[in-house]
Amino acid sequence: MSPDSSQVDYERVKSVKETHERDLLAKQNVVGCGVGYKFAGGKRTDILAIIVMVRKKTPESLLEGEEIIPREIDGVPVDVQEVGELRGSDGN
């Protein structure tokens, strides 16, 4: 029995995310990375993507080259989502 295509897609996106997560998290504004569905125009799409969570979205024109988050990594879409500051359940 073969896995369904959504599972294969998820595993591929997860693998690419894990490969590049350290570099993404090293960027100044990034607070987290995950796998989820890309948003466009404020609505969720059916496209699986690497989700890069940032404190505040900044126009690409104001970022230094190494701080720019690519739109795609190894053929996998990347979606930058503004989440603010993340804190643990204890407030830290």
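Placed above this text is the structure.
Numbers given to residues run from 1 along each chain, matching the order in which its sequence is written. Local features in this predicted model are restricted to residues of pLDDT 70 or higher, and side-chain atom pairs are both shown and tallied only at a pLDDT of 80 or more, whereas totals for entire chains, interfaces and linings draw on every residue. Side-chain numbers here rest on the full set of heavy atoms in the structure, without hydrogens or water.

**Q** Could you clarify how one ought to interpret the overall build of the protein in this entry?
**A** A count of helical and extended segments in the protein gives one helix and four strands. Helix and strand labels come from DSSP, where a helix needs a run of H or I of at least four residues and a strand needs a run of E of at least two; each type is numbered from the N terminus. In sequence order, the secondary structure elements of the protein are arranged as α-β-β-β-β. The buried label applies to any residue whose accessible area, calculated with a 1.4 Å probe on protein chains only, is under 20% of its type's maximum; exposed applies above 50%, and partly exposed to all values in between. Of all 92 residues assigned to the protein, the portion counted as buried reaches 25%. Here the analysis covers contacts within the protein between residues at least 6 apart in sequence; of these, 59% occur between residues at least 24 apart. In short, Shrake-Rupley with a 1.4 Å probe defines the accessible areas, and a residue's cover is counted only from the protein chains shown. Within the structure as shown, the protein displays about 6,500 Å² of accessible surface, and the carbon and sulfur contribution to it stands at 48%. The contact rule is simple, with two residues in contact once any of their heavy atoms fall within 4.5 Å.

**Q** Honestly, the environment of Gly34 in this entry has me stumped. Any pointers?
**A** Tracing the chain through its elements places Gly34 in strand β1 (residues 30-40). By relative accessible area, which is 15% here, Gly34 ends up buried. Spatially, the C-alpha atom of Gly34 lies 7.9 Å from that of Lys14, the residues being 20 residues apart in sequence. Setting aside chain neighbours within four positions, we find Gly34 in contact with Lys17, Ala49, Ile50, Ile51 and Met53.

**Q** Would you mind showing me how to read the nonpolar core here?
**A** For soluble globular proteins, the rule of thumb is that nonpolar side chains tend to be buried together. Among the nonpolar cores identified, the biggest contains 13 residues, and Leu24, Val30, Ile50, Val52, Ile69, Ile73 and Val78 are the most heavily contacted of them. Going through the elements one at a time, α1 (5-25), β1, β2 (43-54) and β4 (76-82) are the ones with two or more residues in this core. Counting residues per element, this core draws most heavily on β2, which supplies four residues. Grouping buried Ala, Val, Leu, Ile, Met, Phe, Trp, Tyr and Cys residues that are joined through side-chain atoms within 4.5 Å yields what is termed a nonpolar core.

**Q** Even after reading the chapter, I still don't get the pattern of salt bridges, so can you show me in this structure?
**A** Side chains bearing opposite charge may pair, as long as their charged atoms lie close to each other. The rule for a salt bridge is simple: a side-chain nitrogen of Lys or Arg has to be within 4 Å of a carboxyl oxygen of Asp or Glu. All told, the structure shown has three salt bridges when counted by the stated rule. In this structure, Lys17 engages Glu21 in a salt bridge whose closest nitrogen and oxygen atoms are separated by 3.4 Å. Here the residue Lys17 and the residue Glu21 both occupy positions in helix α1, the gap between them amounting to four residues, near one helical turn. As a salt-bridge pair, Asp46 and Arg44 come within 3.7 Å of each other at their nearest N and O atoms. Of the residues examined, Asp46 reaches a relative accessible area of 67% and is grouped as exposed.

The quantities given are spatial measurements derived from coordinates; they are silent on function.
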